Amino acid sequence: MNVFKFGGASVKDADAVRNVTEIIRLFEGKKLLIVISAMGKTTNALELVVDALWKRNKSVFDEKIAELKSFHFTIADQLFPSSAHPVYQQLNEVFQALENRYQNEIPDHYNYEYDQIVSLGEVISTLIVEAYISMSGFASKWVDARRLIRTNNVFRDAEVDWKRTEELIRSTVLPAFEQADIIITQGFIGHTVELLTTTLGREGSDFTAGIFAYCLDAENVTIWKDVPGMLNADPKYFDNTIKLDKISFSEAIELSYYGASVIHPKTLKPLQNKNISLFVKSFVAPQAEGTEIQSSGAFDHLVPSFIFKVNQLLISFRTRDFSFIVESHLSDIFNRLSEIGAKINLMQNSALSFSILVDAEKVDIETILKTFRSDYEVRYNEGLELVTIRHYDQATIDRVTIKKDILLEQFSRQTARIVMKDK
Ligand SMILES: Nc1ncnc2c1ncn2[C@@H]1O[C@H](COP(=O)(O)OP(=O)(O)O)[C@@H](O)[C@H]1O
Ligand SMILES: N[C@@H](CC(=O)OP(=O)(O)O)C(=O)O
């Protein structure tokens, strides 16, 4: 049994859904567990629905839902010969449930409400794709990840209860494979012990594929992307990228941890733990080789890789009484950062100051100032870039720092990290 994952770009319109079906056809005779994300940019659109509900803005709420409805029904109209197909009834029910959320009491828990609404993107996409696959002649079955992936109740960033999830997945999916060759489920979503829907964090569908593969002891996993494989840099920002044909789990974890967004960083651990290879392949050229991520590190050092993070904020904390930054300050600073949910991309300290680099869009500087001002002097620089180079040399550093002012640098034997801004 193999696990496949198709992301938003690979199901963004009717042609894309037809293409998914053609890819599945290449694997006829195989049992496939297929994880699918919301179509195109649906998750972003649903975030706007949550926002409108939270602000009690009924006209924006209605308008955003109408756009989503039109987007999905247009795709359905292009895939199914008649509106009598049962999928229309299912889609209407999901949209009705979405609209009804406005009638509920005013939500008092944003993250909870977020998960109940945003999770519907994956429910809708899997209903459409499964119905189309089934209509195309495959023995397929839709299963609900909201009843299979058990998590804690940290809405929007839920943690998996592996033991219970494994029991639920095995007891549902293995019997289902006796009747179906293709099982379709949703990425990114799960449920609490009280059966409330949770999400695993943005872009978490890759991770869902890792969870199913782990629990089912899959032969391998393939995540189908709009790129030929894992490259040595994001082709959206870098010319002349090189495909990494074969790399180790540890190397891929390092790259995704530093921000190579082609794979969600949590995906690899469960696969490494059971030695299940992960292939990154192109849904545009499905027969091409792609990248294989596996246990051997023999090929890791062949190509320097570049990871860029833009819109970075460098924040420095200094003690007010000129005392050294020591362990007790660090512990205090980390506690306060953790309370406000700040995620650190890089950190460094000197005798009198401790600096962190964060994504500007994920941290509110006013909250930072409020949290620290009483005990620390806080300074910050906005509009910075962080470049990470794995397997660097001087030529690669020169290439990325041209016409840049460097604010901070860190080097280990394998990795260079440079915080910089335009001159
Ligand atoms: N090192 C890399 N190699 C390949 N793609 C990368 C890399 N770093 C970032 N990307 C970006 O990842 C994108 C694919 O990931 P993503 O958009 O999350 O896919 P999906 O949502 O369909 O699963 C590519 O379009 C590319 O711009
Ligand atoms: N739809 C969710 C989960 C996900 O992983 O999507 P994608 O596979 O398109 O990155 C999101 O956009 O965050």
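A short tour of the structure in this document, coming up.

Each value, and the rule that gives it
Residues numbered from 1 in each chain as written. Chains lettered and ligands numbered in written order. Predicted model: local features only at pLDDT ≥ 70, side-chain atom pairs only at ≥ 80, totals over all residues. Heavy atoms only, no water. Pairing = 2+ DSSP bridges. Helix = DSSP H or I, 4+ residues; strand = E, 2+ residues; numbered from the N terminus. Axes fitted to C-alpha atoms, helices over the stretch in contact; angles between N-to-C directions. Contact = heavy atoms within 4.5 Å. Near = heavy atom within 4 Å. Polar contact = N/O pair within 3.5 Å; in protein donor to acceptor, adjacent residues only side chain to side chain. Areas by Shrake-Rupley, 256 points an atom, 1.4 Å probe, with all protein chains shown as cover. Nonpolar A, V, L, I, M, F, W, Y, C, P; charged D, E, K, R; others polar. Buried < 20%, exposed > 50% of the residue type's maximum accessible area, 1.4 Å probe, protein only. Lys, Arg positive; Asp, Glu negative; His and termini not counted. Salt bridge = Lys/Arg side-chain N within 4 Å of Asp/Glu carboxyl O. Phe/Tyr/Trp six-rings, centres within 6.5 Å; stacked < 30°, edge-to-face > 60°.

**Looking at the sheet that holds strand S3 (residues 140-142)**
Logical step 1: Sheet architecture is open: eight strands sit in the order S3-S4-S2-S1-S7-S9-S10-S8, paired in mixed fashion. Bordering the open sheet on either side are S3 and strand S8 (246-248), each of which pairs with just one other strand. Direction aside, neighbouring strands of the sheet carry axes that sit 20° apart on average.
Logical step 2: With five bridges connecting them, strand S2 (residues 32-36) and strand S4 (residues 182-186) associate as parallel partners. Counted as the bridge partner of isoleucine 34 is isoleucine 184 from S4.
Logical step 3: Helix H6 (residues 120-135) contacts S2, S3 and S4 of the sheet and is inclined by roughly 160° relative to S3.

**Re the site of ligand 2**
Logical step 1: Around ligand 2 lies a shell formed by Lys5, Gly7, Gly8, Ser37, Ala38, Thr43, Glu122, Phe188, Arg202, Glu203, Gly204 and Ser205.
Logical step 2: The contact in question runs from an oxygen atom of ligand 2 to an N or O atom on the side chain of lysine 5, over 2.6 Å.
Logical step 3: Here a nitrogen atom of ligand 2 sits 2.7 Å away from a polar atom, N or O, in the side chain of threonine 43.
Logical step 4: Out of a free accessible area of 340 Å², ligand 2 has 86% covered by protein chains.
Logical step 5: Residue composition of the shell around ligand 2, grouped by class: two nonpolar, six polar and four charged.

**What about the side chain of arginine 150?**
Logical step 1: Relative to the helices and strands, arginine 150 resides in the loop between S3 and helix H7 (162-179).
Logical step 2: Salt bridges are absent for the buried arginine 150, whose nearest opposite-charge side chain, aspartate 161, sits at 5.2 Å.
Logical step 3: If sequence neighbours within four positions are ignored, arginine 150 has contacts with Glu159, Val160, Asp161, Arg164, Thr165, Leu168, His191, Thr192 and Val193.

**Observations regarding the site of ligand 1**
Logical step 1: Taken together, 16 residues sit near ligand 1, with Lys5, Lys225, Asp226, Leu231 and Asp234 positioned nearest.
Logical step 2: Aspartate 226 places a side-chain nitrogen or oxygen 2.7 Å from an oxygen atom of ligand 1.
Logical step 3: Contact between ligand 1 and leucine 231: a nitrogen atom at 2.9 Å from a main-chain N or O atom of the residue.
Logical step 4: Relative to its unbound accessible surface of 580 Å², ligand 1 loses 86% to contact with the protein.
Logical step 5: A breakdown of the residues in the shell around ligand 1 according to their chemical character gives seven nonpolar, four polar and five charged.

**Examining the packing of aromatic side chains**
Logical step 1: According to the stated counting rule, one finds 22 aromatic pairs in the structure shown.
Logical step 2: A ring pair is formed by tryptophan 162 and phenylalanine 207, whose centres lie 6.3 Å apart and whose planes are at 65°; its orientation type is edge-to-face. In this pair, tryptophan 162 is assigned in helix H7 and phenylalanine 207 in helix H8 (residues 205-216), connecting sequence segments 45 residues apart.
Logical step 3: On the basis of relative accessible area, phenylalanine 207 is assigned to the buried category, the value being 6%.
Logical step 4: Seen in terms of ring centroids, phenylalanine 238 and phenylalanine 308 are 5.7 Å apart; in terms of plane orientation they differ by 40°. Their pairing is tilted. Taken together, the positions of phenylalanine 238 in the loop between strand S7 (220-225) and S8 and phenylalanine 308 in strand S11 (residues 305-319) put the pair 70 residues apart, joining distant regions of the chain.

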